[in-house]
Amino acid sequence: MDFILQPWSWFVSGFLIALLMFVLLLLGKRFGMSSNLRAFCSMCGGGRVSSFFNYNWKKDSWNLFIVIGAMLGGFIASHYLSDGNMPAISTSTKLALQDLNISAVNGYLPEELFSVAALSDVKTWAILIVGGFLVGFGARYAGGCTSGHAISGLSNLQLPSLIAVVGFFIGGLFMVHVLFPFIF
Amino acid sequence: MMKKVVYILLGLVFGVIMYKSEAASWFRIYEMFRFESFHMYGIIGTALVFGILFIQLIKRFNIKTFDGEPIIIEDKDKSISRYLIGGIIFGLGWALAGACPGPIFVLVGAGFVPIIILLLSAVLGTFVYGLLKDKLPH
């Protein structure tokens, strides 16, 4: 039982993700999480202002049940299968966190960004709103996110997915190494 | 009804994997983009090795779905600009928010209230993309 409460190794986690993608293929579905965001827009009547949201989202409603499950999974994992400790990141990363004014004794997510108390700071709102917007906009522009491109697309040896993943890293590296000192 | 339960269960497994592997933690994403640990690369790399293997098995042995239909995985549309520009925008957000769409759902379930702002902003970003789609290079 103890091994469940410990953080899972990268090998077990990576294998299970691939297995999940495989089972979805056997069910005739494609693994991809960001397309649900498009479905939300369509459900809220987005088809009236853009033909992009004028599609049969009900055909993809299976994916919305995956979302419900993912939320339940997050609840169960955080409440019953975990001690809520900070991930055991490397010492050098911890040192770098100090420059961002993020404490190295922390929870699963940095309290400086993801605690209710942090919402009293307008900067937290700005980071969350801009970050979320870029994720949603970029994922749809690129036609997929980490699950659709980095896992599903690359597993099917798709060149477009490789280009997208290179883009993910150009953006991510620029954010962390160039923009973070100005933001935090 | 039965199928809905199956999808909820698969989503639940996905959520537990994302949380327990720490792929849903901002700290791990930050560490990944600083190349200071193998952890995230190990997760994605292992998923890829087995993912490629599973898809090759499907293709070589013409494995059918549970319903007996052939599995045809459509090729992605050819383009460079949309994948590169879209990818860069996504990467900027992924590093800042420390969460991609899958983990965003997982973290909402885990009870991190500010993640709801992240989720709504991601829906807004998707919506604005839909409005601007025809004006953007693809």
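Residues numbered from 1 in each chain as written. Chains lettered and ligands numbered in written order. Predicted model: local features only at pLDDT ≥ 70, side-chain atom pairs only at ≥ 80, totals over all residues. Heavy atoms only, no water.

- The name given to chain A in an unreviewed UniProt entry is Membrane protein YedE/YeeE, with the source organism recorded as Formosa algae.
- Per UniProt, chain A carries the Sequence similarities (unreviewed entry) text "Belongs to the TsuA/YedE (TC 9.B.102) family."
- In its Subcellular location (unreviewed entry) section, the UniProt entry covering chain A states "Cell inner membrane". (UniProt positions renumbered as here; feature names shortened; annotations may be inferred.)

What about helix 4 (residues 81–97) of chain B?
Residues and elements named next belong to chain B.
Working step 1: Over its 17 residues, helix 4 runs 24 Å from end to end, which matches the ideal 24 Å to within 8%, given 1.5 Å per residue.
Working step 2: Most of helix 4 sits inside the fold, with 13 of its 17 residues counted as buried.
Working step 3: Two residues or fewer past helix 4, Gly98 is found with a positive phi of approximately 70 degrees. (Helix = DSSP H or I, 4+ residues; strand = E, 2+ residues; numbered from the N terminus. Expected span 1.5 Å × (residues − 1). Buried < 20%, exposed > 50% of the residue type's maximum accessible area, 1.4 Å probe, protein only.)

Describing the UniProt feature "transmembrane region" (unreviewed entry) in chain A
Residues and elements named next belong to chain A.
Working step 1: Residues given the UniProt feature "transmembrane region" (unreviewed entry) here are residues 6–28, 62–81, 124–142 and 162–183.
Working step 2: Annotated as 95% helix and 0% strand, the span residues 62–81 places its first and last C-alpha atoms 26 Å apart.
Working step 3: Between the C-alpha atoms that bound residues 162–183 the distance is 29 Å, and the span itself is 100% helix and 0% strand.

Concerning the nonpolar core
Working step 1: Core analysis: the largest hydrophobic core is formed by 104 residues, its most contacted members being A:Phe31, A:Leu97, A:Phe180, B:Trp26 and B:Leu107.
Working step 2: A per-element tally of this core places helix 3 (residues 39–60) of chain B first, with nine residues.
Working step 3: In contact with A:Leu97, other than residues within four places in its own chain, are A:Met86, A:Ile89, A:Ile102, B:Trp26, B:Phe27 and B:Tyr30. (Core = buried A, V, L, I, M, F, W, Y, C linked by side-chain atoms within 4.5 Å. Contact = heavy atoms within 4.5 Å.)

Notes on the packing of aromatic side chains
Each aromatic ring pair is summarised here by two numbers: the centre-to-centre distance and the angle between the ring planes.
Working step 1: Tallied over the full model, the rule gives 32 aromatic pairs over all chains.
Working step 2: Seen from their ring centres, A:Phe137 and B:Tyr129 are 5.8 Å apart, and the 90 degrees between their planes marks the pair as edge-to-face. Of this pair, A:Phe137 sits in helix 7 (residues 122–141) while B:Tyr129 sits in helix 6 (residues 115–132), placing the two residues on different chains. As far as burial versus exposure is concerned, A:Phe137 and B:Tyr129 are alike and both buried.
Working step 3: On the basis of an interplanar angle of 70 degrees and a centroid distance of 6.3 Å, the ring pair of A:Phe184 and B:Trp26 is categorised as edge-to-face. Of this pair, A:Phe184 sits in the segment after helix 9 (159–183) while B:Trp26 sits in helix 2 (residues 26–33), each in a different chain.
Working step 4: Here A:Phe184 falls in the buried class, since its relative accessible area comes to 17%.
Working step 5: Given a relative accessible area of 1%, B:Trp26 falls into the buried group.
Working step 6: Taken together, A:Trp10, A:Phe11, A:Phe15, A:Phe22, B:Phe38, B:Phe50 and B:Phe54 form an aromatic cluster joined through their ring pairs. (Phe/Tyr/Trp six-rings, centres within 6.5 Å; stacked < 30°, edge-to-face > 60°.)

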